[in-house]
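For reference, the chains in residue letters:
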Amino acid sequence: MRKLYLLLILFVFSLLIKAQSTVWPEVNVEMRPATRWWWLGSAVDKVNLTYNLDEYARAGMGTVEITPVYGVQKNEANDIQFLSPQWMAMLQHILAETSRNGMQTDMNTGTGWPFGGPDVSIDDAASKLLTSTYKLHGRQLFSGLITPEDKDQSGKAKLLRVIAFGAKGESVDLNSKVDRTGKLVWHCPKGEWTIIAAFCGKTGQKVKRAAPGGEGFVMDHFSKRAVNNYLSRFETAFTESRTAYPHNFFNDSYEVYGADWTEDFFEQFYNRRGYKLEEHLPAFLSDQRTDETARLVSDYRETLSELLLENFTKQWTDWAHSHGSKTRNQAHGSPGNLINLYATVDVPECEGFGLSDFGIKGLRKDSLTIKNFSDISMLKYASSAAHIAGKPYTSSETFTWLTEHFRTSLSQCKPDLDLLFVSGVNHSYFQGTPYSPKNAAWPGWKFYASVDMSPTNTIWRDAPALFSYITRCQSFLQMGKPDNDFLIYLPVYDVWNDPGERLLLFDIHKMDVRMPRFIRTVQSIYKSGYDLDYISDQFIRSTKCVDGKLVTAGGSSYEALILPAVHKMPVDVLAHLIALVEQGARVVFLDNYPDDVPGLNQLKSRRNELKSLLKKLDVKTDFGKTAVKALKAGAIITGSDLQNTLKAIGKEPEEMKTGYGLSAIRRSNADGYHYFISCLQNKDIDSWVTLTVPAKSAMIFDPLTGESGKAKVRTNRGHTQVYLQLQSGQSLILKTFSQTDVHAPDWNYLRPASQIVELKNNWKLHFEQNEPKIDGIFELSQLGSWTELNIPDAKINRGTGIYQTTFSLDHSVPDECVLDLGDVRESACVIVNGQLVATLWSVPFECKIGRFLKKGQNSIQIEVTNLPANAIADLDRRKVPWRMFKEINMVDRNYKKSDYSSWKPVPSGLLGPVRIKIQQPLF
């Protein structure tokens, strides 16, 4: 009897597990959207902190990241010095309040950006290489002070090396001949000589957008001592105040300008590269890009990259871990290997900058926008590092400069949010929510460079619907493991060997110049229906072959590794690739094999080693065709025709990308796989779509509405097909089950409308929660922008207009009956017969209303909220001084002084046409 009882319990438990796999994942705080919380002047108080946090929590935010910046004019008395006892008391209050609200607290490890402040001494400040040159002729006596050519560096720059170079390449170390005052006395030998003095100078850069108590020099990110000294200020503040540490510490994009050196760089270079850089200074400093100079510069760049990783990124992360915190980091903009830097922290973070144009039908356009600089090839650095290193989260700085201030709608946000998701992001952080006191005059306190996700923006009224969408998407995107098809080698040595300025920064605005072939390959592979992650030399060294697949240190597996026209590669990396192939892995060389080694030291012997390895690869292969060379169980595949080369790998592309133009990312889970799919194009999809993964059944989840259902699945020629319906701009989540035919209600597929009823007449409009207040009820002859009505205040208002109409039905309609609002400016709550149906904030502005309708008289109420653009333009025309912020204040999207007084009224309200579409189930 007991055995039977146990079996019954196991049976019930198995049913519960199966049932759970067909519903939305249980939400945790990490799945909810986060935001960068700008503290202007840190002029915060406990009452208003609680008010702001309660508003964020009610809207659905999960995490606030505190970043103090410059203050508000004429508010200095309320500013709080960063890390002071009073500031730490505010942090303690926030930690308690976020916990009460079920939220988390992150914190910038500084104010503004980059890291720096009042405790950064001149010795620990960001540094740069300075040189002075002196020419001598045959047996000339040199007697004088060795000083920097830049007189402003006197007293700051530290003399590191003094070396004389002869015309025949000989050198003489003169360091011992320089006295304590910096004076050199030296009789040069016969011939022409050049004395080169190298100094560690200072960039003089101060912290940008610093908050009170955060002003000062930017620290030297390459110096272990400087970083340790910088972190000690935080250690002291937290210890003395007995404050708990935050969930994450954050570092913004690098933006350290001109810092190309550190005090012990010569020693570090020798220890890492095996030769003395100072003995090659003429070639290193030369403007003529000889092979020697290129190799010296490459070694220099590699050393700088390693110092940034070890002395800053790793030391900062280890420090955070020692206090139970984690790190979020934006590595872009730095001179380091982005993959290695991102992989060193807990949460790699990319940055979406600007607005993409996917041609989505019905999506409003604005003339005052910024083009998106972050395409999928740039966004993938952070997620690639997370995937290959086994990090569970990839975050994004989200909605930076989409349009001009006060003109960004929620609908404009969705496409670029979806782009981040298909790039591998699974934890979005809004670029800005400024803290603003409740009693501050509108528009409240503002930050200059972000879509304003705050309660003082009109879009906040319907923002909870956006936040719910993000939470649902991220609940799946954080589940399971990444399942991308290929690894693609990051050819960093080819980049480092290229001519140009010695200090090479990997910023988002120049990647197309840095690595055009690499980016073209990434984009081509993606358009061919595959997905990929980038991999560095460091992670190739630890990659293994398991059952013919490449498995990285983080446990992610891939079908093949692709190397796009790589020329320079370390010998040990190529040797490891060959060993992987011999174990059964597939490695793809596009255009050519690596033909040289990077760097200068022991060049001849390393080249010989490379040549020996290349003999195993049969370097006579014709790269004009696709060829496969088998080495035991694996294969080396070569070719210049990318499409044929990909076919030779044998991995099927995703038809939803190649045949239907959909954007998608796939992850694996315990039941099978799941996809996030977005229709980022100007056409709709209504078709059977072939998947590359097998499935006995599948579920569709709509992150916009929360609806779900069992998808139609069939097998066609041995491949699984699923029926998908997406309109332009829509997205969904598809979850497949490899071994189970799940039991769940069917997904509601719809036929095209059999009847369309346009609601043209009897519309009435009144305003609520508006400024300025507009009284009265207005009967409309037709729908259109309320700015065109004969109501002067409607041209400058901000808030919500309530549209109402009634209509009769002489028969019942199916539940699938759809309400299409047409053009909405900018979001709408739909109420049918007194019941809230949906909040519509993205195109298409549609929702199912059949189950809310009845035979006979029906009422529809549409509550439309506009943008604050017309209201802010009115303030400028009336010269109301709302720009009251220090430093950069409120610039426009071109970083010029802003003035919105010339703006014409931005359309507002329900433009329509509003139609009821009678639709029937497809299956």
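Refer to the structure above for everything that follows.
Residues numbered from 1 in each chain as written. Predicted model: local features only at pLDDT ≥ 70, side-chain atom pairs only at ≥ 80, totals over all residues. Heavy atoms only, no water.

Caption draft 1: How the structure looks around the overall build of the chain. Scanning the chain from N- to C-terminus turns up 20 helices and 46 strands. Taken over the C-alpha trace, the chain has a radius of gyration of 31 Å; the compact-globule value for 923 residues is 29 Å, and the two agree within 12%. Overall, the chain is about 110 × 75 × 65 Å in size when its C-alpha atoms are taken along their principal axes. Counting only residues that meet the buried cut, the chain has 62% of its 923 residues in that class. For the chain, long-range pairs separated by at least 24 residues make up 79% of all intrachain contacts whose partners lie at least 6 apart in sequence. Accessible surface for the chain amounts to roughly 36,700 Å². Of this, 50% is attributable to carbon and sulfur atoms. (Helix = DSSP H or I, 4+ residues; strand = E, 2+ residues; numbered from the N terminus. Rg over C-alpha atoms; globule rule 2.2 N^0.38 Å. Buried < 20%, exposed > 50% of the residue type's maximum accessible area, 1.4 Å probe, protein only. Contact = heavy atoms within 4.5 Å. Areas by Shrake-Rupley, 256 points an atom, 1.4 Å probe, with all protein chains shown as cover.)

Caption draft 2: Here's a closer look at helix 5 (residues 265-273). Phe265, Phe266, Gln268, Phe269 and Arg273 are the residues of helix 5 that are buried. What you see down the axis of helix 5 is that its buried residues fit within an arc of 160°, all on one side. Packed against the buried residues of helix 5 are strand 7 (158-166), strand 10 (192-202), helix 6 (281-285) and helix 7 (291-322). Glycine 274 occupies a position one or two residues after helix 5 and carries a positive phi of about 85°. (Arc of directions from axis to C-beta.)

Caption draft 3: Main features of the packing of aromatic side chains. All told, the structure shown has 60 aromatic pairs when counted by the stated rule. Where tryptophan 37 meets tryptophan 39, the ring centres are 5.6 Å apart and the plane angle is 80°; that geometry is what we call edge-to-face. Between the NZ or CZ atom of lysine 206 and the centre of the ring of phenylalanine 217, over which it lies, the distance is 5.2 Å. Sitting over the ring of tryptophan 442, arginine 798 keeps its end group 3.9 Å from the ring centre. (Phe/Tyr/Trp six-rings, centres within 6.5 Å; stacked < 30°, edge-to-face > 60°. Lys NZ or Arg CZ within 6 Å of the ring centre and 35° of its normal.)

Caption draft 4: Highlighting the side chain of lysine 651. In this fold, lysine 651 is placed in the loop between helix 18 (642-649) and helix 19 (655-658). Judged by its relative accessible area of 17%, lysine 651 is buried. Excluding anything up to four places from it in sequence, lysine 651 contacts Asp485, Phe486, Tyr530, Glu559, Arg666 and Thr692.

Caption draft 5: How the structure looks around the packing of helix 4 (residues 224-241) against helix 7. Packing of helix 4 against helix 7 leaves a shortest axis separation of 9 Å and a crossing angle of 30°. In terms of orientation, helix 4 and helix 7 fall into the roughly parallel class. Between helix 4 and helix 7 the crossing geometry is right-handed. Contacts between helix 4 and helix 7 pair Lys224, Val227, Asn228, Leu231, Phe234 and Glu235 from the former with Asn311, Phe312, Gln315, Trp316 and Trp319 from the latter. Here the contact of helix 4 with helix 7 is built from residues that sort into six nonpolar, three polar and two charged. (Axes fitted to C-alpha atoms, helices over the stretch in contact; angles between N-to-C directions. Parallel < 35°, antiparallel > 145°, perpendicular 65-115°, else oblique. Left-handed = near helix turned anticlockwise from the far one by under 90°. Nonpolar A, V, L, I, M, F, W, Y, C, P; charged D, E, K, R; others polar.)

Caption draft 6: Structural view of the sheet that holds strand 32 (residues 713-716). Pairing in this open sheet of three strands is antiparallel, and the strands run 29-33-32 from one edge to the other. Single-partner strands in this sheet number two, and they are strand 29 (685-690) and strand 32. Averaged over all pairs of adjacent strands, the angle between their axes in this sheet comes to 30°, without regard to strand direction. When strand 29 meets strand 33 (residues 719-726), the two strands line up antiparallel, connected through six bridges. (Pairing = 2+ DSSP bridges.)

Caption draft 7: Spotlight on unusual backbone geometry. The omega torsion of the bond from tryptophan 113 to proline 114 falls at -10°, within 30 degrees of zero and hence cis. Mapped onto the elements, proline 114 comes out in the loop between strand 3 (104-108) and strand 4 (116-117). Each neighbour pair has its own omega, and for glutamate 771 with proline 772 the value is 0°, a cis peptide bond. Structurally, proline 772 can be placed in the loop between strand 36 (763-771) and strand 37 (778-780). The backbone of arginine 139 shows a phi angle near 60°, a positive value even though the residue is not glycine. Tracing the sequence through the fold places arginine 139 in the loop between strand 5 (127-137) and strand 6 (141-145). You will see that arginine 209, though not glycine, has its phi angle at about 55°, which is positive. Relative to the assigned elements, arginine 209 resides in the loop between strand 10 and strand 11 (217-218).

Caption draft 8: View of the pattern of salt bridges. The final tally for this structure, using the stated rule, is 56 salt bridges. Residue arginine 36 is joined to aspartate 252 by a salt bridge in which the shortest nitrogen-to-oxygen separation is 3.5 Å. Taken together, the residues arginine 36 in strand 1 (residues 34-40) and aspartate 252 in the loop between strand 12 (248-251) and helix 5 connect sequence positions 216 residues apart. Residue classification places arginine 36 among the buried residues on the basis of a relative accessible area of 1%. Among the residues examined, aspartate 252 registers a relative accessible area of 8% and is labelled buried. The residue arginine 364 makes a salt bridge to aspartate 366 at a minimum N-O spacing of 3.6 Å. The same class applies to arginine 364 and to aspartate 366, which are both buried. (Salt bridge = Lys/Arg side-chain N within 4 Å of Asp/Glu carboxyl O.)

Caption draft 9: Spatial organisation of helix 18. If you check which residues of helix 18 are buried, you get Leu642, Thr645, Leu646 and Ile649. Looking down the long axis of helix 18, one finds its buried residues gathered within 100° of arc, a one-sided arrangement. In this structure, the buried residues of helix 18 make contact with strand 18 (486-489), helix 14 (516-527), strand 23 (560-564), strand 24 (586-590) and strand 26 (634-639). The backbone nitrogen of glutamine 643 has a side-chain oxygen 3.2 Å away, supplied by the residue at the start of helix 18, namely aspartate 641. Positioned one or two residues after helix 18, glycine 650 has a phi angle of 95°, which is positive. (Polar contact = N/O pair within 3.5 Å; in protein donor to acceptor, adjacent residues only side chain to side chain.)

Caption draft 10: Examining the pairing of strand 18 more closely. Side chains Phe486 and Ile488 of strand 18 all project onto a buried face; the interleaved residues Leu487 and Tyr489 project onto the opposite face, where all are buried too. Relative to strand 19 (residues 532-535), strand 18 runs parallel, the two being bridged by four bridges. Within strand 19, the residue paired with leucine 487 across the bridge is aspartate 533. Judged from the three bridges that link them, strand 18 and strand 23 form a sheet pairing that is parallel. Each residue of the ladder has a partner; that of isoleucine 488, found in strand 23, is isoleucine 562.

Caption draft 11: Expanded view of the nonpolar core. Within the largest apolar cluster, 212 residues are counted, with the highest numbers of intra-cluster contacts made by Trp37, Trp39, Trp87, Trp261, Tyr381, Tyr448 and Met453. A per-element tally of this core places helix 7 first, with 11 residues. Counting residues in hydrophobic clusters, the runner-up holds 40 residues, among them Tyr803, Val824, Phe852 and Leu853. (Core = buried A, V, L, I, M, F, W, Y, C linked by side-chain atoms within 4.5 Å.)

Caption draft 12: Layout of the sheet that holds strand 10. Strand order across the open sheet formed by four strands is 5-10-7-8, with antiparallel pairing between neighbours. The two strands at the open ends of the sheet, each matched to only one other strand, are strand 5 and strand 8 (171-173). Each strand axis lies, on average, 25° off the axis of its neighbour in the sheet, ignoring direction. Pairing of strand 7 with strand 8, which is carried by three bridges, proceeds in the antiparallel orientation. Across the sheet, isoleucine 163 pairs through a bridge with aspartate 173, a residue of strand 8.

Caption draft 13: Region of interest: the side chain of glutamine 725. Note that glutamine 725 resides in strand 33. Within the structure, glutamine 725 has its side chain in polar contact with the side chain of aspartate 686 (distance 3.2 Å). A polar contact of 2.8 Å, which involves the side chain of glutamine 725, links it to the backbone oxygen of leucine 750. With residues near it in sequence (within four places) discarded, glutamine 725 still touches Ile685, Asp686, Leu732, Tyr749, Leu750 and Leu922.

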